[in-house]
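Overview (structure and organization)
So you can see what is in the structure, the chains are spelled out below.
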Amino acid sequence: MNILSIEHLTREYGTGDTAVTALNDVSFTVEAGEFIAIIGSSGSGKSTLMHLMGGVDRPTSGTVRLQGQDIFARNDEQLAVFRRREVGLIYQFYNLIPVLNVVENMTLPVLMDGRSVNEQRLSALVRALGLTGREHCLPNQLSGGQQQRVAIARTLAPEPSVLFMDEPLSNLDAKLRLEMRYELQRLHVETGSTFVYVTHDQMEAMTLATQICLIENGVLQQYDAPLTVYHQPNNLFVADFVGNPSINFVEAKGAQRADGAVELTVFQGRKAL
């Protein structure tokens with residue numbers, strides 16, 4: 001089932017000679033329950049795209065539809081309610097309240113919205129994120145990974161339709177980042193939620209995502225399953241970008257055939273020229 005539709009999305013900043021097009025006519029759809037990784041080089045427009053999808057910013061033109069509803073048909077007050085109730089946003093900084101314990105941080109958005117806490121869901125999130133026994137700890141009594149788990153749980157507590165994450169693991173050390181990748185993958189499977197994940201790490205995107213959204217210079221270069229992006233890149237940029245070193249290029253060094261002849265083949269992406 002289609003949960004998100006991005007239609008001809010364009011975002012421009014500034015006017016005249018200082019105008020910058022951060023996104024240019026981007027369109028794709030997201031199925032419910034998918035894990036979408038938005039990747040691209042620095043300044044490519046990936047965070048801008050996520051902010052528009054999550055209703056944090058408004059487009060210059062184009063629409064974003066969540067479950068068929070145009071989110072930008074709302075006024076600013078309605079859009080604030082939308083961000084609070086219908087989507088979840090996680091950034092690289094956890095923004096936990098230092099004087100509140102784990103459970104209090106997790107339930108704060110729900111209580112501030114005047115709703116009652118779903119105790120069953122709260123308990124399930126505590127278990128799923130490995131926070132059992134830490135419920136009454138303050139943030140400064142937790143490790144970096146545990147703090148990030150609390151931030152994720154706090155965002156999932158209101159049961160958002162889509163969870164948006166903007167490089168949430170970038171402040172963690174390499175070992176902890178790897179552990180949190182597995183946590184996110186497991187959580188995605190267990191909750192069945194739709195995840196949209198911005199990262200500059202190609203390997204992270206390829207291992208976590210069900211779909212890759214590759215942006216460069218504000219233009220959608222490819223939107224496909226990871227293996228399709230790997231084996232069938234749309235263009236030279238995609239082939240060069242995915243992997244380090246470039247995993248889609250084969251050097252024309254020559255291959256010896258069974259008959260002893262040397263056969264040279266030059267590749268553009270995965271397609272022989």
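The structure this text deals with has already been given above.
Below: a short report on this structure.

Conventions we followed
Residues numbered from 1 in each chain as written. Predicted model: local features only at pLDDT ≥ 70, side-chain atom pairs only at ≥ 80, totals over all residues. Heavy atoms only, no water. Helix = DSSP H or I, 4+ residues; strand = E, 2+ residues; numbered from the N terminus. Expected span 1.5 Å × (residues − 1). Buried < 20%, exposed > 50% of the residue type's maximum accessible area, 1.4 Å probe, protein only. Contact = heavy atoms within 4.5 Å. Axes fitted to C-alpha atoms, helices over the stretch in contact; angles between N-to-C directions. Left-handed = near helix turned anticlockwise from the far one by under 90°. Salt bridge = Lys/Arg side-chain N within 4 Å of Asp/Glu carboxyl O. Core = buried A, V, L, I, M, F, W, Y, C linked by side-chain atoms within 4.5 Å. 1 Å grid on protein atoms, 1.4 Å probe; cavity = no way out; pocket = protein on both sides within 12 Å on 5 of 7 lines; lining within 4 Å. Points joined across faces, edges and corners; volume = space filled by probe spheres on them. Nonpolar A, V, L, I, M, F, W, Y, C, P; charged D, E, K, R; others polar.

This part is about helix α6 (residues 174–191). Between its terminal C-alpha atoms α6 stretches 26 Å, which fits the 26 Å expected from 18 residues at 1.5 Å a residue. Of all the residues in α6, the buried ones are Leu176, Arg177, Met180, Arg181, Glu183, Leu184, Leu187 and His188. Where the residues of α6 are buried, they touch β3 (35–39), α4 (119–128), α5 (144–156), β7 (162–166), β8 (194–198) and α7 (202–208). Glycine 192 occupies a position one or two residues after α6 and carries a positive phi of about 70°.

Moving on: the packing of helix α3 (residues 102–112) against α5. One can describe the packing of α3 onto α5 by two numbers: an axis separation of 7 Å at closest approach and a directional angle of 35°. Judged by the sense of rotation from one axis to the other, the crossing of α3 with α5 is right-handed. Packed against α3, whose contacting residues are Val102, Asn105, Met106 and Pro109, the element α5 presents Val150, Ala153 and Arg154 at the interface.

Glancing now at the pattern of salt bridges. Per the stated rule, a full pass over the model turns up 12 salt bridges. Across the pair arginine 65 and glutamate 7 runs a salt bridge, and its minimum N-O distance is 3.2 Å. Linking arginine 65 in strand β4 (residues 61–66) with glutamate 7 in strand β1 (residues 2–13), this pair joins segments that are 58 residues apart in sequence. With a closest N to O distance of 2.8 Å, arginine 84 and aspartate 113 form a salt bridge. Note that arginine 84 is positioned in helix α2 (residues 76–85) and aspartate 113 in the loop between α3 and α4, a separation of 29 residues in sequence. Given the relative accessible area of 39%, arginine 84 is considered partly exposed. Classification of aspartate 113 as buried rests on a relative accessible area of 10%.

Now for the nonpolar core. With 43 residues, the main nonpolar core has Met106, Ile152 and Ile212 as its most contacted residues. In terms of residue count, the dominant contributor to this core is α5 (five residues).

A separate point is the layout of surface pockets. As a volume, the largest pocket reaches approximately 450 Å³. Residue lining of the largest pocket: 17 residues in total, with Arg83, Leu89, Pro109, Arg154 and Thr155 positioned closest to the centre. The set of elements that each furnish at least two residues to the lining of the largest pocket consists of α2, β6 (87–91), α3 and α5. Per element, the largest residue contribution to the lining of the largest pocket is five residues, and it comes from β6. In terms of residue class, the lining of the largest pocket is made up of 11 nonpolar, three polar and three charged.

A few words on unusual backbone geometry. One non-glycine residue, glutamine 67, lies in positive phi territory at about 50°. Within the element layout of this structure, glutamine 67 appears in the loop between β4 and β5 (69–70). For glutamate 167, which is not glycine, the phi dihedral falls at a positive 45°. Residue position: glutamate 167 is located in the loop between β7 and α6.

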